[in-house]
Amino acid sequence: MSKKPRPAEHTGVPGTERPRLPDYSTADLAQLASLLIQLDPSEARDAADLNALWEALLGRAEKNPDGSAAPLLLARLVMEAADRVEAVILGQTGDPSEALAAAARLVAAAADGQCTPSNIPEQFQPAPQPTAAAAAPAAASLPGPQPTAAAAAPAAASLPGPQPSAAAATAAASTVFNVTAEVELLNEFLDEARDHLAKAEQSLLTLETHPEERDAIDTVFRAFHTIKGVSGFLDLTPVTRLAHSAESLLSRARDREILCTGGYANLALRALDGLRNLCEQLQRTHAGQGSLRIPADHAELLACLAEPEAHGIGAGAAERAPLPSAAKVSLPAAAQAAHAEHAEPAAAAGPAREGGEKQADIFVRVRTDRLDGLLDAVGELVIAQSMVAQDDTLAGPQRIELQRKIAHAGKIVRELQDLATSLRMVPLRATFKKMERIARDVALKTNKLLELVTDGEDTELDRNLVDVLAEPLVHMIRNACDHGIEPPDERRRAGKPERGTIRLLATHRGGHVMVELHDDGRGLNREKIVAKAIERGLISRDEQISDSDAYALIFKPGFSTAEVVTDLSGRGVGMDVVQRGIAKLDGRIAIRSEQGKGTVFSIRLPVTLAITDGMLVRVGAERFIIPTLAITTTFRPKDTALSRVLGAGEMVLFRDRSLPIFRLHRAFAVPAAVEDPLRGLLIVIGEGSEACAMLVDELLGQQQVVVKALGGGLRDIEGVSGGAILRDGRVGLILDPSGITRMARSSPSGSTGDTFFATPERAA
Amino acid sequence: MSTREPNSPATPDARSGKYLTFHLGAEEYGIEILKVQEIIGLLPITMVPNTPHFIRGIINLRGKIIPVVDLRAKLGMETLAASNETCIVVVRRHTMEMGVVVDRVKEVLDIKSTEIEHAPEFGAHVDTSCLLGIGKHNGQVKLLLDIDRVLDSTGLMQAPTAGPETA
């Protein structure tokens, strides 16, 4: 019996009428179950009876006009069963009878679970749409057993048919979707979805240059497919529907019907963004409860995905050459996918078989608080170990053997610390891939030709840093594409290759990570920047500033690079956002530029925020840690260098610049500290106009410290970024340089004079 | 049988159980033993600037930094120089730990519900809302502290969202 393309009425009538729901009666299901059990696997290839029964089952939709009892659960069970049977039909299961029995069990379960609307648990009381959507893939995924049939009806073989567009029509009706999913499951799904989307994005970009890359197509397909499967299980209908439509598009690429380039690639990327948007929203819904706002273009996107050609989307220059065997190929593809769906959860833990990267590494997901706990414990172990090693009883020649053993233990402890620290490290690869995507999008939007070359993607950084770094990098890449790289004709006139190059590099350098962004564009225009700064009153007219200081002006808030560097208007991406982002990471950013040749932004970052290089200083009886990276220099001032502005603000002249003096002991009310700058030390922190000289009693030396939160609600203390356990086991506060410079500017010399510590006795 | 005190989270029956008692000045106080994680001697405390006066600072509890509250200061008593007996009771709330400085820890008592009375009202100038009730044991009065309420009012206990690393 040949399979006809499924009429649209099965899943819903496009337009105003609500889709109807299939009603699985117990009798039908029981019959199906028994049929499945009796079915001879060898005859499965000619499963006409079975097919008829599916048809009947789904056909009941029409006989149930009021759409009352249609538990989604049942629809799902039947879908699942259908997948298994499909695998048998295509000869893809090792043990067909086992698979059939499993399918039978599923159907039987569906039959048992047959319930009246009143006793269906609420989360399965579906709004009419979800069920319709669940039924649509079920209908679509039923393959006709004979390839000829499928060839006769290509619409049925490749998934986009009337169904998705019907679904799209109904999606337009509602823009808010209520989420009711178990938190744990939802979080797991979101984690997995994020991974899949990232991989899919990477593969789509690969496909643009290498459209024939099978691995890449498979990766994208699998990503959409897995998301579809799991989101269906969680009742996340909008996600399911979008993933399904995207999968349909990819299945055509997979069947070599289309090449995933040009318009198709854009479409796939749009779908990917849509999914990401939905996932991000889901992440924000609390405890799995909440609503999902469906973007306005959701329905249109679904429609495009279903029939790209009808929306004027094509592969661009790429030729469309449907292979003669297209229909035949599509069947195993669908079945493989069904297969992959079951295998995927395992793969999430060990993505060794994921496309592209053939790595044998096996991964385990670990909660970050456990990692942090481990790091805490190891840090404490290091201190405890060094206490033992320095114990007086060990001194003297009699204890040499014991000393040797303790030294050995110390070595292991330090190794352990390195290892524990490295657990938090992740390569920059994912971030760089994201940048490739952004460069591509901006280039398209601004009609520029450019290439993003990345290098050093394997450079590892602390996970927290990597996440935060992405945002400033996005701004910088956008700026480089938009303002840095010239349009092709301008480049040609300037004698440069039409295609601009942006290079994104990462390297380890002396305990830090350097991230550099080179572009071979027009470079920064020093004169314009300076003129603008004078106009804004940021610098005085006759001030002589170095090139680097001039370039650094673009980091000032409200200093629109657009007006200065190019004449493009309407862009307000402030570079101040970039600098603030980098500063938050204890990093530094510097600019080199040559007009007409290009610009280089270099960012220097600590490898991790968990461990920081600090300068230990003493103020009174307290010790503080200042991140070494923030310190410009330390000096003891001469008498003549000190001055007062208007009798209040203390200033010090240093290298021809006058800096405000910030008295930490006053701001933090530390008793018995050095008052006279001539007897203490001044530490210059901050850059450019924000620099200040902080007065401390003395330097105690440099030390690597493990950065910890102060615990409880002791956050947001101005000037303090955290605490660290010092070598003697006591806690020292880590100063926040940007907070200190802020305090210095708001009250120079820390002269508020308030006593913040009213507690008379402080156990010390 | 005492009536349920309106602003006490616990019923009289729930209030009965084991209490860790300690001295604060002349009075003896009790904290439900289940809230107590451990008792440690007075460690060097690092001050934290710009915090309320009853926050002594932070200590290193086996590699973890936890804040320490001076219970005397918190309850409006005058503060006292540390003695040999001064110690820190580490209490746990949600996933957060916090140290509470007390003058001297005494014992663990099993206080029955019949021995607990609700705290009397003294008018506006004495706030008894931080008391679960008043326990009487062997003729002695123990003030049973609602330690959760005390600590919540420090502003240090927030919903357990603390992301430890990026302070």
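Our subject is the structure that appears above.
Fair warning: this is a prediction, and the values are worked out from it, not measured in the lab.

Attention now moves to the environment of A:Asn178. The topology assignment puts A:Asn178 in strand β1 (residues 176–180). C-alpha of A:Asn178 to C-alpha of A:Ser291: the two residues are 113 residues apart in sequence and 4.2 Å apart in space.

Here the focus is the sheet that holds strand β20 (residues 731–735) of chain A. All names here are of chain A. Across the sheet, five strands lie side by side as β18-β10-β11-β20-β19; this open sheet has mixed pairing. Among the strands making up the open sheet, the edge pair consists of β18 (698–706) and β19 (720–725). Averaged over all adjacent pairs, the angle separating strand axes in this sheet is 35°, with direction ignored. Where β19 lies against β20, five bridges are found, and the strand directions are antiparallel.

In a beta sheet, neighbouring strands are held together by backbone hydrogen bonds and run either parallel or antiparallel to one another. Residues and elements named next belong to chain A. Ordered by their spatial adjacency, five strands build an open sheet running β4-β6-β7-β9-β8, and the pairing between neighbours is mixed. Where the open sheet ends on each side, the last strands, each with one partner, are β4 (450–455) and β8 (588–594). When the angles between neighbouring strand axes are averaged without regard to direction, this sheet yields 15°. Relative to strand β9 (residues 598–606), strand β7 (residues 512–519) runs antiparallel, the two being bridged by eight bridges.

With that settled, consider the nonpolar core. All names here are of chain A. The biggest cluster of nonpolar side chains holds 127 residues, and the ones touching the most others in it are Ile626, Phe662, Ala693 and Met694. The biggest single contributor to this core is helix α18 (residues 463–484), with ten residues. The residues that make up this core include at least three from each of domain 4 (426–606) and domain 5 (611–750). Core analysis: the second largest hydrophobic core is formed by 46 residues, Leu204, Ala223, Ile227 and Ala246 among them.

Our next topic: the packing of helix α11 (residues 237–254) of chain A against helix α12 (residues 262–284) of chain A. All names here are of chain A. Look at α11 against α12: their axes get within 10 Å of each other, and the N-to-C directions meet at 160°. Taken together, α11 and α12 sit at an angle that is classed as roughly antiparallel. Crossing hand, α11 versus α12: left-handed. Contacts from Pro238, Val239, Leu242, Ala243, Ser245, Ala246, Leu249 and Leu250 of α11 reach α12 at Tyr264, Leu267, Ala268, Ala271, Gly274, Leu275 and Leu278. The residue inventory of the contact of α11 with α12, partitioned by class, reads 13 nonpolar, two polar and no charged.

Procedures and definitions
- Residues numbered from 1 in each chain as written.
- Chains lettered and ligands numbered in written order.
- Predicted model: local features only at pLDDT ≥ 70, side-chain atom pairs only at ≥ 80, totals over all residues.
- Helix = DSSP H or I, 4+ residues; strand = E, 2+ residues; numbered from the N terminus.
- Pairing = 2+ DSSP bridges.
- Axes fitted to C-alpha atoms, helices over the stretch in contact; angles between N-to-C directions.
- Core = buried A, V, L, I, M, F, W, Y, C linked by C-beta atoms within 7 Å.
- Buried ≥ 20, exposed ≤ 12 C-beta atoms within 10 Å, placed from the backbone.
- Domains from an automatic or database assignment.
- Parallel < 35°, antiparallel > 145°, perpendicular 65-115°, else oblique.
- Left-handed = near helix turned anticlockwise from the far one by under 90°.
- Contact = placed C-beta atoms within 7 Å.
- Nonpolar A, V, L, I, M, F, W, Y, C, P; charged D, E, K, R; others polar.

None of the figures reported here should be taken as evidence of function without further support.
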